Amino acid sequence: MRDNPNKKSSGNLNESAFEHIREMILRGSLAPGARIVESELADHIGVSRTPVRSALHRLQQDGYVLALEGGRKTKLIVAPLTKEDAREVYHILGALDGLAAWHSAQLPDRERAGLAKRMSKINNEIAKVGKRPKPDHQGLLALHGEFHDLVLAAVKAPRLRALHAATKPQADRYRSLYSSGDFGQQVRSVKEHKDIIEAISSGRQVDALCRTQDHWMSAADRLCGIIEVLGERGNW
């Protein structure tokens, strides 16, 4: 039985529209709190309104888009960036990364040692970049992502990876748009990373899980402090 080429094309358009609009939200070109108009997005991307509507439905499920009830029509907006939402996203990601750390602490000794070595190399680079008078905040964001991705890649947990892939971009949205407010807080992250590395390297599963979750909770507190200074976005 042959695939229906039209169906396949439709699926590709839906996925392309989803990725395009999500990237616009992550970059901030669709600003937090901004109203979303299907026809305008369709014109901008160069597709019909059908794949845009499908993409917006997925983005709403993933928490990037909110539906506001009022009047005769539902209005869609880009989800605002708030302290409450930031804390929830970070705590969820911490729980997922904690499970990955728990699994990685069960790996054979040689694999754990190799993982710890790679994690330490990245953490040392974070420390180095963070000490610069004018650190590259986007570069630091990428390094932090690499650090935690190493742990996830080391374990066989496909469902965990799928959940992580859906949540991580939401955390990256906060980290990217508020990175300029990171007032020399890398020292604390580096220390917390070292504790995670030591727990994984030693095979202490519960400790690896708890230290990873504690790290993300502390990171949430630090982010909320930055948001307090710079202000929430799109929350009127």
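The structure this text deals with has already been given above.
Remember, predicted model here, so these are calculated numbers, not experimental data.

So, about the pattern of salt bridges. All told, the structure shown has 15 salt bridges when counted by the stated rule. Of the charged contacts in the structure, one is a salt bridge between R211 and D195, with a shortest N-O distance of 3.4 Å. With R211 in helix α9 (residues 205-230) and D195 in helix α8 (residues 186-201), this pair connects stretches of sequence that are 16 residues apart. A residue is classified by how much of its surface remains accessible, and R211, at 31% relative accessible area, is partly exposed. Residue R204 pairs with E198 through a salt bridge whose shortest N-O separation is 2.7 Å. One network of salt bridges, with partners in common, ties together K191, D195, E198, R204, D207 and R211.

As a further point, take the packing of aromatic side chains. Scanning the entire structure with this criterion turns up two aromatic pairs. Ring centres of Y90 and W216 lie 5.2 Å apart, and the angle between their planes is 80°; this geometry places the pair in the edge-to-face category. With Y90 in helix α4 (residues 83-104) and W216 in helix α9, the pair connects residues that are 126 residues apart, well separated along the chain. Grouping residues by exposure puts Y90 and W216 together as buried.

Take the environment of E111 next. You can see E111 is positioned in helix α5 (residues 109-130). E111 sits in the partly exposed class, given a relative accessible area of 44%. Between the C-alpha atoms of E111 and G33, which are 78 residues apart in sequence, the distance is 45 Å.

Scoring rules and cut-offs
- Residues numbered from 1 in each chain as written.
- Predicted model: local features only at pLDDT ≥ 70, side-chain atom pairs only at ≥ 80, totals over all residues.
- Heavy atoms only, no water.
- Salt bridge = Lys/Arg side-chain N within 4 Å of Asp/Glu carboxyl O.
- Helix = DSSP H or I, 4+ residues; strand = E, 2+ residues; numbered from the N terminus.
- Buried < 20%, exposed > 50% of the residue type's maximum accessible area, 1.4 Å probe, protein only.
- Phe/Tyr/Trp six-rings, centres within 6.5 Å; stacked < 30°, edge-to-face > 60°.

Function cannot be read off these values alone, since they describe shape.
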